[in-house]
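# Tertiary structure, described
So you can see what is in the structure, the chains are spelled out below.
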Amino acid sequence: MFKVVKREEMSEGNVILNEIEAPKIARKAKPGQFVILKVGEEGERIPLTMAESDAEKGTITVIYMVVGKSTALFKTLQVGDSYQDIIGPLGKPTHIEKLGKIVCVGGGTGIAVLHPITRAMKEIGNHVISIIGARSKDLLILEDKMKAASNDLRVCTDDGSYGHHGFVTEVLKEILEKEKIDQVVAIGPVPMMKFVSLITKQYNVPTLVSLNPIMVDGTGMCGGCRVTVGGKTKFACVDGPEFDGHQVDYDELMLRLQAYCEDEKKCYNDFCIMES
Amino acid sequence: MTEEETKKVKKEKISRVAMPEQEPAVRARNFLEVPTGYTSEMAIQEAARCMQCKKPGCVAGCPVGIDIPGFIKLIAEGEFTRAIRHIWQKNSLPAVCGRVCPQEIQCEGLCIVGKKDDPVAIGNLERFAADWEREHGTGALPPKAEPTGKKVAVVGSGPSGLTVAGDLIVKGHDVTVMEAFHKPGGVLVYGIPEFRLPKAIVAQEVNFLARLGVKVECNAVVGRTVSLDELFEEGYDAIYLGVGAGLPRFMNIPGENLIGILSANEYLTRANLMKAYLFPEVDTPIPRAKNVIVLGAGNVAMDSARTAMRLGAEKVRIVYRRSRQEMPARIAEIHHAEQEGIEFFLLTNPTRYIGNEKGRLTGMECLQMELGEPDQSGRRRPLAIKGSEFELDCDLCVVAVGSGANPLLTESTPDLKLNKWGYIEADEATGKTYKKGVWAGGDIVTGAATVILAMGAGRKAADSIHEYLLRGW
């Protein structure tokens, strides 16, 4: 059992932070790696990239958006409650290297995953400009942490309620116009990663993206998480979750993420009706 | 055969006692076990067919060398408790083996009675003894040696890992089994369906080991959560790797990433480990399709096809590039699949998948094949017939064309020597790898094989580990 020791609600209660006791995983976890969580006996195995890990405290932190029944069940866990199973750390860690100037682009809960990478990139000596975005000010997460982890932080909202009025890609383009950037790291919704990659390709800037396809085991056994990268099939769980953003077939990924769409909707609706 | 034995065969009048089964039409739509087991009377009657050969072929055909005539004699005498104890001396998972071993090419294939008549139903009798013990036994444990103070880590809780754990715990060692999934049992839990091997039976076998003192640690991905060297640092004296093959093979033809194409590993894991056939009572979904194609003709393909039928498919077809003779599945599985209405498209090979604008599978293009000269496997090589392309409709395709070596553990352990396919190099007689204190066995050494062969490898490795712990490498 894996006990929740800290719980926070963000983004109007749609995004939840759980800090969880998992000493063995915390001892090994590195930025960019993920875990698989299962809430109880009948629960689904849900992969989430870690937002934080603390080897000394023996805890890991995940930040997730409530999008279906499984995450809705996660949300019901209070401090002191436990996840039945957590498996990890899985996937390859981010390659942290001193490259010069880096732009970290985050959207939605992707910001949570981006944060430890941003921090590590800065700590190793890169100059890090971060761009984070949300639909509106109230939905934005981790602004303070991202500010501390970056040399320069830009914020965007779709509705203009805070920071730049518009998409992260617009701010990114401005930066790429003005200065030479050595690498871009983009983590967020698939369309965001797709458009970031399209732009950085124009400027020939290497781009890292972190993918979160449907998976079951997370150890390379099921192949459910296959993505096409550079025309070849890769398993996101063991070959990733990070890939060269210019090589990923985002359209295929978006379709594949819809595989269980109807089942998920029905399951979530039934759960919501039951809860109310 | 001696003259006396031949006479006995001639005298033999009782025919093989068939194990009762659920009716095909009924069972094709439920997940309950298909054969329902012998009654005591049936078992005694079948056991009486055994001729108690002096040089039994059956024992030679058993990868773990069970004294088959010995336990059958005890069943014939109604001594069921003694029969199961007799089996346990060589096999710690009889309820499993009785159900999933390919007896026709092992013990039963070498049974003398089988030369003139149907062979003695050794598998059915083994299953009977194990089931009888589970239902009526006292639960008494076999004796255990004094603690040796040595610690062994067994990586993987499939058939070979459980065999090693069972063997070493009774020899007095401190054994911990590590499993990457959230439930122990390996392929017995995620791979083999409920209707062929009820999960309660696997749980019972694992529980038996736990009662003997084996510690089972789930959610432990060795290679990620902990490395082999760290296990040694933690005080383990020996490590056994029985992690299975664990890498799904795909066809590598256009369109393979369409929605509705799943590896058998994924399909069966959803159905078996995650119990997705109960969705939405459980939270893991599984595609429920009307028109299903399964590629391949091994046991995993039969399991996938029969699972699809039970999930409500109208049509389930096995597409296989060779002919019926080369199908690698157990005869019983092929027979059961046919009875349940599964169709076979033999000498047929897909060349590409066809999908719609939503990225969902709608069919596949296939070629007809003919058999040429035998290939390296000794089976006749399938050759495409030019211009024979045709299309098959389907809305789900399960790819069951074998598996490869999962590199997760081996990549993180560079001092393990691998062969060119990525499997671990291990001594055939002992299971010793090139890394000191580390043994390996089962599919990660041989490539995908059977439960019983993995157990046989586990048995040999356990003996070698025991010797090492007492005497050194």
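If you're wondering where the values come from, they're calculated on a predicted model, not measured in any experiment. (Residues numbered from 1 in each chain as written. Chains lettered and ligands numbered in written order. Predicted model: local features only at pLDDT ≥ 70, side-chain atom pairs only at ≥ 80, totals over all residues. Heavy atoms only, no water.)

Residues and elements named next belong to chain B. The geometry of helix H3 (residues 40–47) relative to helix H8 (residues 122–136) is characterised by a closest axis approach of 10 Å and an angle of 140° between their N-to-C directions. Relative to H8, the crossing made by H3 is left-handed. Contact residues: H3 offers Ser-40, Ala-43, Glu-46 and Ala-47, while H8 offers Leu-125, Phe-128 and Trp-132. Split into classes, the residues belonging to the contact of H3 with H8 amount to five nonpolar, one polar and one charged. (Axes fitted to C-alpha atoms, helices over the stretch in contact; angles between N-to-C directions. Helix = DSSP H or I, 4+ residues; strand = E, 2+ residues; numbered from the N terminus. Left-handed = near helix turned anticlockwise from the far one by under 90°. Contact = heavy atoms within 4.5 Å. Nonpolar A, V, L, I, M, F, W, Y, C, P; charged D, E, K, R; others polar.)

Taken together, the side chains of Glu-12, Asp-138, Asp-158 and Asp-159 of chain A define an acidic patch exposed on the protein surface. Structurally, Asp-138 of chain A is set in the loop between strand S10 (127–134) and helix H4 (143–149). (Patch = residues over 30% accessible without salt bridge, like charges linked within 9 Å, V, L, I, M, F, W, Y side chains within 5 Å. Areas by Shrake-Rupley, 256 points an atom, 1.4 Å probe, with all protein chains shown as cover. Salt bridge = Lys/Arg side-chain N within 4 Å of Asp/Glu carboxyl O. Lys, Arg positive; Asp, Glu negative; His and termini not counted. Charge placed at Lys NZ, Arg CZ, Asp CG, Glu CD.)

The next thing to look at is the state of the cysteines. Here a disulfide denotes one covalent bond, and it connects the sulfur atoms of two cysteines. Residues and elements named next belong to chain B. Tallied over the full model, the rule gives zero disulfides over all chains. The thiol sulfur of Cys-53 is not disulfide-bonded, and the nearest other cysteine sulfur, from Cys-50, lies at 6.3 Å. By relative accessible area, Cys-53 is classed as buried at 16%. Not part of a disulfide, Cys-394 finds its nearest cysteine sulfur in Cys-397, a span of 5.7 Å. (Disulfide = S-S within 2.5 Å. Buried < 20%, exposed > 50% of the residue type's maximum accessible area, 1.4 Å probe, protein only.)

Counting 78 residues, the largest nonpolar core has Ile-68, Phe-71, Ile-72, Ile-75, Leu-125 and Ile-465 of chain B as its most contacted members. Here the element with the most residues in this core is helix H18 (residues 451–471) of chain B; it accounts for eight residues. Those residues in contact with Ile-465 of chain B that lie beyond four places of it in its chain are Val-152, Val-164, Leu-168, Ala-238, Tyr-240 and Trp-439 of chain B. Among the nonpolar cores identified, the runner-up in size contains 54 residues, and Phe-34 and Ile-175 of chain A together with Leu-361 and Leu-408 of chain B belong to it. (Core = buried A, V, L, I, M, F, W, Y, C linked by side-chain atoms within 4.5 Å.)

Once that is clear, we can look at the interface of chain A and chain B. Counting residues at the interface gives 44 residues for chain A, matched by 44 residues for chain B. When the two sides are added together, the surface that chain A and chain B hide from each other amounts to roughly 3,600 Å², 53% of it contributed by carbon and sulfur. Ranking the residues of chain A by area buried against chain B places Met-221, Arg-226 and Tyr-260 of chain A at the top, with a combined share of 19%. Where chain A touches chain B, the interface holds five salt bridges. With a closest N to O distance of 2.8 Å, Lys-28 of chain A and Glu-230 of chain B form a salt bridge. (Buried area = accessible area lost by both parts, 1.4 Å probe.)

Residues and elements named next belong to chain A. Within strand S9 (residues 101–107), six of the seven residues are buried, which leaves the element mostly enclosed by the surrounding structure. Where S9 meets S10, seven bridges bridge the pair, whose relative direction is parallel. Each bridged residue has a counterpart across the sheet, and for Ile-102 the counterpart in S10 is Val-128. With respect to chirality, the unit in which S9 leads through helix H3 (residues 110–123) into the neighbouring parallel S10 is right-handed. (Pairing = 2+ DSSP bridges. Right-handed = clockwise from strand over helix to strand, strands pointing away.)

All names here are of chain A. Within the element layout of this structure, Lys-194 appears in helix H6 (residues 190–202). Considering only alpha carbons, one finds Lys-194 and Val-248, 54 residues apart in sequence, at a separation of 8.3 Å. When neighbours within four sequence positions are excluded, Lys-194 is seen to be in contact with Tyr-250, Asp-251 and Met-254.

Before going further, it helps to examine the sheet that holds strand S7 (residues 82–83) of chain A. All names here are of chain A. Reading across from one edge, S5-S6-S2-S1-S7 is the order of the five strands in this open sheet, with antiparallel pairing throughout. Single-partner strands in this sheet number two, and they are strand S5 (52–54) and S7. Taken together, the seven bridges between strand S2 (residues 15–21) and strand S6 (residues 59–65) define a ladder with antiparallel strand orientation. Opposite Glu-19, over in S6, you have Thr-61 as the bridge partner. Seen against the sheet, helix H2 (residues 69–76) touches strand S1 (2–10), S2, S6 and S7 and runs at an angle of roughly 130° to S6.

Attention shifts here to the packing of aromatic side chains. Inspection of every chain in the model, using the stated rule, returns 10 aromatic pairs over all chains. Aromatic pair Phe-31 of chain B and Phe-195 of chain B: ring centres 6.2 Å apart, planes at 50°, arrangement tilted. Of this pair, Phe-31 of chain B sits in the loop between helix H2 (24–27) and H3 while Phe-195 of chain B is found in the loop between helix H10 (187–190) and helix H11 (199–212), placing the two residues 164 residues apart along the sequence. The structure contains a cluster of three or more aromatic residues connected by ring pairs, namely Tyr-64, Phe-74 and Tyr-83 of chain A. Directly above the aromatic system of Tyr-236 of chain B lies the positively charged group of Lys-151 of chain B, at a separation of 4.4 Å from the ring centroid. (Phe/Tyr/Trp six-rings, centres within 6.5 Å; stacked < 30°, edge-to-face > 60°. Lys NZ or Arg CZ within 6 Å of the ring centre and 35° of its normal.)

So, about the side chain of Thr-163 of chain B. As for its position among the elements, Thr-163 of chain B is in helix H9 (residues 159–170). Other than its neighbours up to four places away in sequence, Thr-163 of chain B contacts Ser-92, Leu-93, Met-455, Gly-458 and Arg-459 of chain B.

It is worth spelling out the sheet that holds strand S8 (residues 85–90) of chain A at this point. The pairing of strands in a sheet comes from backbone hydrogen bonds and takes either a parallel or an antiparallel form. Residues and elements named next belong to chain A. A sheet is described by the order of its strands in space; here three strands give the open sequence S4-S3-S8, paired in antiparallel fashion. Each of the sheet's edge strands pairs with one partner strand only, and the pair in question is strand S4 (46–49) and S8. Ignoring strand direction, the axes of neighbouring strands in this sheet form an average angle of 25°. Here strand S3 (residues 34–38) pairs with S8 via four bridges, running antiparallel. Among the inter-strand pairings, Lys-38 is bridged to a residue of S8, identified as Asp-85.

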